[in-house]
Amino acid sequence: MAKYVVTSQSVTINAVDLSADCARAELVINSADVETTDFSSGGFVELQGGLKSGVLNLDFHADYASGGASETLEPLVGTVVPFVLIAGGTSVGTDTPSFSGSVLINSFTPVAGAVGDLATFSVSFPTSGAITKATS
Amino acid sequence: MTDITALRQAIATNLATIPGLRTDSEVPDNPNPPVAIVQLEGIDYDGAMQQGLTTLMFKIIVIVSRQSDRVSQRSLNDYASQNGARSIKIAVESDRSLNGNAMDCRVQSLTSVGSLELNNTEYSAIEFSVAVYV
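Residues numbered from 1 in each chain as written. Chains lettered and ligands numbered in written order. Predicted model: local features only at pLDDT ≥ 70, side-chain atom pairs only at ≥ 80, totals over all residues.

1. Brief notes about the overall build of chain A
Next, step 1: For chain A, the count of helices and strands is one helix and eight strands.
Next, step 2: Helices and strands appear in chain A in the N-to-C order β-β-β-β-α-β-β-β-β.
Next, step 3: In terms of overall dimensions, chain A is more spread out than a globule: its C-alpha atoms have a radius of gyration of 18 Å, far above the 14 Å expected for 136 residues.
Next, step 4: If you line up chain A on its principal axes, its C-alpha atoms span 60 × 35 × 30 Å. (Helix = DSSP H or I, 4+ residues; strand = E, 2+ residues; numbered from the N terminus. Rg over C-alpha atoms; globule rule 2.2 N^0.38 Å.)

Have a look at this one:
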């Protein structure tokens, strides 16, 4: 698989597979900008990469059933839990790598939605510690 | 697997709670008004990862006789109302799980009011759009 249409990312939070309640998954890895500009920078800002950080952005459908997104996330607020994100499938491979680590569940929206709309909520969890990529 | 036949039958079953309204989960050759017919209109796949959400759109066509325009219009008014014993919306949403076959369903709108010709006979008809989440 090369380019692909997103239909089957696997999203696991705290060992619970929430894929079927998840409509969007995004993992962003950032590096801090550390400025090293000096008198020899020729009038331009110079930077070096600093500490890395990550954010796991997820859009969920509200689901209060056992094992559902709402039921799973609510008691985890304030805790750091493991996550696994598999791109494009449920099994890990060279074309479907997994990214794993830990996230701080720092917010949760138990009720959201306008009248007539599907009940959904979005979360943005900062990662804690290293993010690991695997292809097997 | 989504059982579309079961969903259509469940919608028809809910509609059958309306006094005096015949129902059919499939388009009949010779409808006998007043009758509500359930048709599949479209499907949105992949609403969530790994087929966690599929949205099916159904159309309900309610056909009534035009022998008396005034009577047929009043009858359609009752079916179109958002409440009351003959409300299509109330009847369909009386069991939003559609007999356990769906996560939720909602009558979203009345999409059409007009006439319909079947076997050289003209009828009054209204159409509703129903979203079913499985």
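2. Quick word on the overall build of chain B
Next, step 1: Of regular secondary structure, chain B possesses three helices and five strands.
Next, step 2: When the helices and strands of chain B are placed in sequence order, the string is α-β-β-β-α-α-β-β.
Next, step 3: Radius of gyration (C-alpha) of chain B: 15 Å, near the 14 Å computed for a compact globule of 134 residues.
Next, step 4: Projected onto the principal axes, the alpha-carbon positions of chain B cover approximately 50 × 30 × 20 Å.

3. Some details on unusual backbone geometry
Residues and elements named next belong to chain B.
Next, step 1: Cis geometry is found at the peptide bond from Pro33 to Pro34, where omega equals -5°.
Next, step 2: Structurally, the position occupied by Pro34 is in the loop between strand E1 (22–24) and strand E2 (35–44).
Next, step 3: Even without glycine at this site, Asp46 takes up a positive phi of about 60°.
Next, step 4: Within the element layout of this structure, Asp46 appears in the loop between E2 and strand E3 (55–65).
Next, step 5: At Gln51, a residue that is not glycine, the phi angle is positive and equals roughly 55°.
Next, step 6: In this structure, Gln51 sits in the loop between E2 and E3.

4. Remarks on the confidence of the model for chain B
Low-pLDDT stretches of the model should not have their predicted coordinates read in fine detail.
Residues and elements named next belong to chain B.
Next, step 1: Scored by pLDDT, chain B has a mean of 93; 100% of the residues are at 70 or more.
Next, step 2: Looking across chain B, the model is least confident in helix H2 (residues 69–80), with a mean pLDDT of 88, and most confident in helix H3 (residues 88–92), with 98.
Next, step 3: ipTM for the predicted complex: 0.85, alongside a pTM of 0.88. (pLDDT = per-residue confidence, 0-100.)

5. A word on the sheet that holds E2 of chain B
All names here are of chain B.
Next, step 1: Here we have five strands laid out as an open sheet, ordered E1-E2-E3-E5-E4, and mixed in their pairing. On the outer flanks of this sheet lie E1 and strand E4 (104–118), each paired with one strand and no other. In this sheet, adjacent strand axes meet at a mean angle of 25° when their direction is disregarded.
Next, step 2: Note: E2 against E3, nine bridges, orientation antiparallel. Of the residues in E3, the one forming a bridge with Gln39 is Lys59.
Next, step 3: Helix H1 (residues 4–15) contacts E1, E2, E3 and strand E5 (121–133) of the sheet and is inclined by roughly 140° relative to E2. (Pairing = 2+ DSSP bridges. Axes fitted to C-alpha atoms, helices over the stretch in contact; angles between N-to-C directions. Contact = placed C-beta atoms within 7 Å.)

6. A few points about H1 of chain B
Quick reminder: α-helices carry 3.6 residues per turn. Residues three or four places apart thus point the same way.
Residue and element names in this part refer to chain B.
Next, step 1: Here H1 contains 12 residues, and its C-alpha end-to-end distance of 17 Å stays within 8% of the 16 Å for a straight helix at 1.5 Å per residue.
Next, step 2: Where H1 is concerned, the buried positions are Leu7, Arg8, Ala10, Ile11, Asn14 and Leu15. The buried residues of H1 occupy an angular sector of 160° when the element is viewed end-on, so they sit on one face.
Next, step 3: Where H1 is buried, its residues touch E1, E2, E3, H3 and E5. (Expected span 1.5 Å × (residues − 1). Buried ≥ 20, exposed ≤ 12 C-beta atoms within 10 Å, placed from the backbone. Arc of directions from axis to C-beta.)

7. Considering the sheet that holds strand E7 (residues 120–126) of chain A
Residues and elements named next belong to chain A.
Next, step 1: Taken together, the three strands give an open sheet; going across it, the order is E3-E4-E7, and neighbouring strands pair in antiparallel fashion. The open sheet has two free edges, formed respectively by strand E3 (22–35) and E7, since each of these has just one partner strand. Neighbour-to-neighbour, the strand axes of this sheet turn through a mean angle of 20°, independent of strand direction.
Next, step 2: Sheet analysis places E3 next to strand E4 (residues 47–61), joined by 12 bridges and oriented antiparallel. When the sheet's bridge partners are listed, Val28 is paired in E4 with Val55.

8. Some remarks on the interface of chain B and chain A
Next, step 1: With eight residues of chain B at the interface, the matching set in chain A holds 11 residues.
Next, step 2: For the side of chain B that touches chain A, the per-class residue count stands at four nonpolar, three polar and one charged. (Nonpolar A, V, L, I, M, F, W, Y, C, P; charged D, E, K, R; others polar.)

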